[in-house]
Amino acid sequence: MDRPTLEVADIFRRYGDAYRQKAGVSPSTAHRRVMTAIETCRTAVLGGHVEECDACGHQRIAYNSCANRHCPKCQSLARAAWIEHRSAETLECEYFHIVFTVPDDVAAIGLQNKAQVYRILFRATAETLRTIAADPQHLGAEIGFFAVLHSWGQTLTHHPHLHCVVPGGGLSIDGARWVACRPGFFLPVRVLSRLFRRLFLRALQAAYDAGTLRLVGPLETLRHRPAWTRALAALRQTEWVVYAKRPFAGPQQVVDYVGRYTHRVAISNNRLLDMDGGQVRFTYKDYRADPPDASKTMTLAATEFIRRFLLHVLPRGFHRIRYYGFLGARHRREKLTRCRQLLGSTTSLTTTTDARSPTDYRDRVERLTGISLRMCPACHHGEMIIVERLLPARGAVLLNPDTS
């Protein structure tokens, strides 16, 4: 696997101190933790081991990963395992991709109240899809889907939205038959948008009434109820964007899609072009262009790049991938088996979770990716054997992976 010429870690290492020292910038504990993790990932600070080929004597050093879910280098294995599990659960039917987005004014509230607003976003989205799908006037079925939270736009601004991947149909209320949607059409987006807006604003109002929302700085005026009431009235008159993308071509395209988007935060290393003179250049896609332009370049001050990246640090323990309906964890196996029966599927529901996962990361990498970390890269015959352990620097903390 080729290593990108520039990584987010390189930017943090070179300009992280400048960001910390910048006037008016006081990173939170969560931000400091993420910065430190990315800066020290796969360096001597976290320790590691020395490997030696048992045939030719070639040596290499492998440093430990930070295991932080915001680190662009630490999600490949988790992503491969997740895709393997989801691949085993795909159904032989059409799949749809639906995106739920909140207006900018709500995103601003969400930036100061991430855990609350993100939870409301998940809850309102799930209730909207399940309610409209269960309505006999539309589908009249119990559907199943997963939703993935993205909090960023292409230029790293705060833009919270949910990507939902939904099979094109569901179980009838009595579970006796599969109810398929119309070819190429799942549910009316206008109906979804109106219900989503109502459910979201109802929950947001409840949080405000409970006094649990943090409203400071430019949002401080909203602490006064008349201003809040006016703001919500304006949001009720705003068209909220629910976007149904073109249906997936099939289960394999679903897998290809989730592989690109599920285990990633803010920006991937392969979009970075260079950093020089205190600035960072990266590519982005302009979705407002017609057709969307994927060749544009943006230049930001390095400290501004870091600030925007840190906008997307998730609340501790927050799960950004969630499952609903017949994909919910409690009855997933039972209901997926029933769906396969009703669809006349020739494949059975088997996942690698049925067997013990290899404990050695090298075995997991080979099983999931087909890439052998044991084979000597020099002679291609011998096996790389660990001959020495490298202890982490004093005070360094190795985290447990969090891939939610």
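Since this is a predicted model, take the numbers as computed values, not measurements.

As for the environment of Val 8
Part 1 of the argument: With respect to the element layout, Val 8 can be found in helix α1 (residues 8–21).
Part 2 of the argument: Sequence-wise, Val 8 and Ile 306 are 298 residues apart; in three dimensions their C-alpha atoms are separated by 8.9 Å.
Part 3 of the argument: Discounting chain neighbours no more than four positions away, the residues touching Val 8 are Ile 38, Pro 72, Ile 267, Asn 269, Leu 272 and Phe 309.

A word on the layout of surface pockets
Part 1 of the argument: The computed volume of the second largest pocket comes to approximately 1,600 Å³.
Part 2 of the argument: As for the second largest pocket, its lining consists of 40 residues, of which Gln 154, His 159, His 161, Lys 245 and Tyr 287 are closest to the centre.
Part 3 of the argument: Considered class by class, the residues forming the lining of the second largest pocket number 15 nonpolar, 14 polar and eleven charged.

Here we look at empty space enclosed by the protein
Part 1 of the argument: Under the criterion given, the structure shown has two cavities of 30 Å³ or more.
Part 2 of the argument: Approximately 120 Å³ is the volume attributed to the largest cavity.
Part 3 of the argument: In terms of lining residues, the largest cavity is bounded by Arg 86, Glu 89, Thr 90, Tyr 95, Phe 146, Val 165, Pro 167, Val 254, Val 258, Phe 326, Leu 327 and Leu 336.
Part 4 of the argument: Contributions of two or more residues to the lining of the largest cavity are made by β5 (158–167) and α8 (251–261).

Some words on the packing of α1 against helix α2 (residues 29–40)
Between two packed helices, both the angle of their axes relative to each other and the distance between the axes serve to describe the pair.
Part 1 of the argument: Put simply, α1 and α2 touch, their axes get as near as 8 Å, and they point 135 degrees apart. The pairing of α1 with α2 is recorded here as oblique in orientation. Like other packed secondary-structure pairs, α1 and α2 cross with a definite hand, here left-handed. Of the residues in α2, those in contact with Val 8, Ala 9, Phe 12, Arg 13, Gly 16, Tyr 19 and Arg 20 of α1 are Met 35, Thr 36, Ile 38 and Glu 39.
Part 2 of the argument: When its residues are assigned to classes, the contact of α1 with α2 shows six nonpolar, two polar and three charged.

Overview of the sheet that holds strand β1 (residues 48–53)
Part 1 of the argument: Here three strands make up an open sheet; going across it, the order is β2-β1-β13 and the pairing antiparallel. Taken across any chain shown, the strands that pair with only one partner, and hence form the sheet edges, are β2 (59–63) and β13 (384–390). Looking at each pair of strands side by side, their axes are set apart by 25 degrees on average, direction ignored.

Cut-offs applied
- Residues numbered from 1 in each chain as written.
- Predicted model: local features only at pLDDT ≥ 70, side-chain atom pairs only at ≥ 80, totals over all residues.
- Heavy atoms only, no water.
- Helix = DSSP H or I, 4+ residues; strand = E, 2+ residues; numbered from the N terminus.
- Contact = heavy atoms within 4.5 Å.
- 1 Å grid on protein atoms, 1.4 Å probe; cavity = no way out; pocket = protein on both sides within 12 Å on 5 of 7 lines; lining within 4 Å.
- Points joined across faces, edges and corners; volume = space filled by probe spheres on them.
- Nonpolar A, V, L, I, M, F, W, Y, C, P; charged D, E, K, R; others polar.
- Axes fitted to C-alpha atoms, helices over the stretch in contact; angles between N-to-C directions.
- Parallel < 35°, antiparallel > 145°, perpendicular 65-115°, else oblique.
- Left-handed = near helix turned anticlockwise from the far one by under 90°.
- Pairing = 2+ DSSP bridges.

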